[in-house]
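Summary of the model geometry
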Amino acid sequence: QVQLVESGGGLVQAGGSLRLSCAASARTFSMGWFRQAPGKEREFVAGISWSGGSALYADSVKGRFTISRDNAKNTVYLQMNSLKLEDTAVYYCAAGRSLRVPVTTGGYDYWGQGTQVTVSS
């Protein structure tokens, strides 16, 4: 069992930036970020392959968010810039055994507890 611990969430004004971190207790292959706003389903935000050579993004965050990873630390990051009100959600880190980059929740095997990101006007 792999434990994932997120950090870095908080309150930020629209247009601002935040960086989320997710530390895994063991090595994983694919890693990703999802988010869930109140009353909505959990949705894919970004994912990255083991090597970091492949990264995928939801259309809504392309050009604003960047996912990266440090395998020496078993940690994945999500740099979020130009934040918008609609980015407000609980952000979840996910990890899996796939060599690809899954874009659905079913493609991941482990989940963090979530960290709240609130963007204010």
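Keep in mind it's a predicted model, so treat the numbers as computed, not measured.

Here we look at unusual backbone geometry
- Here the phi dihedral of Asn-74 falls at roughly 50 degrees; this positive angle occurs in a residue that is not glycine.
- Along the chain, Asn-74 falls in the loop between strand S7 (65-70) and strand S8 (75-80).
- Positive phi, close to 50 degrees, is recorded for Ser-82, a residue that is not glycine.
- Structurally, the position occupied by Ser-82 is in the loop between S8 and strand S9 (89-95).

A short note on the nonpolar core
- Leu-4, Met-31, Trp-33, Leu-78, Met-80 and Tyr-91 are the most contacted members of the largest nonpolar core, which totals 28 residues.
- Counting residues per element, the ones that place at least two in this core are strand S3 (18-24), strand S4 (31-36), strand S5 (43-48), S7, S8, S9 and strand S11 (115-120).
- Residue contacts for Met-31: discarding those within four places in its chain leaves Leu-4, Cys-22, Ala-24, Gly-47, Ile-48, Ile-67, Arg-69, Val-76, Cys-93, Ala-94, Ala-95 and Tyr-108.
- Membership of the second largest hydrophobic core comes to five residues, among which are Phe-34, Phe-44, Val-101 and Tyr-108.

A look at the environment of Thr-28
- The residue Thr-28 is located in the loop between S3 and S4 in this model.
- We classify Thr-28 as buried; its relative accessible area is 4%.
- Separated by 66 residues in sequence, Thr-28 and Ala-94 have C-alpha atoms that sit 9.8 Å apart.
- Every residue in contact with Thr-28, bar those within four places of it in the chain, is listed here: Val-2, Trp-50, Arg-69, Ala-95 and Gly-96.

Re the pairing of S4
- Most of S4 is tucked away: five of the six residues are buried.
- Both S4 and S5 contribute to a ladder of five bridges, which runs antiparallel. The partner of Arg-35 across the bridge, within S5, is Glu-43.
- Between the end of S4 and the start of S5, which pair antiparallel, lie six residues, with Gly-39 showing a positive phi angle near 80 degrees.
- Pairing of S4 with S9, which is carried by six bridges, proceeds in the antiparallel orientation. Across the sheet, the residue bridging to Gly-32 is Ala-94, located in S9.

Cut-offs applied
- Residues numbered from 1 in each chain as written.
- Predicted model: local features only at pLDDT ≥ 70, side-chain atom pairs only at ≥ 80, totals over all residues.
- Heavy atoms only, no water.
- Helix = DSSP H or I, 4+ residues; strand = E, 2+ residues; numbered from the N terminus.
- Core = buried A, V, L, I, M, F, W, Y, C linked by side-chain atoms within 4.5 Å.
- Buried < 20%, exposed > 50% of the residue type's maximum accessible area, 1.4 Å probe, protein only.
- Contact = heavy atoms within 4.5 Å.
- Pairing = 2+ DSSP bridges.

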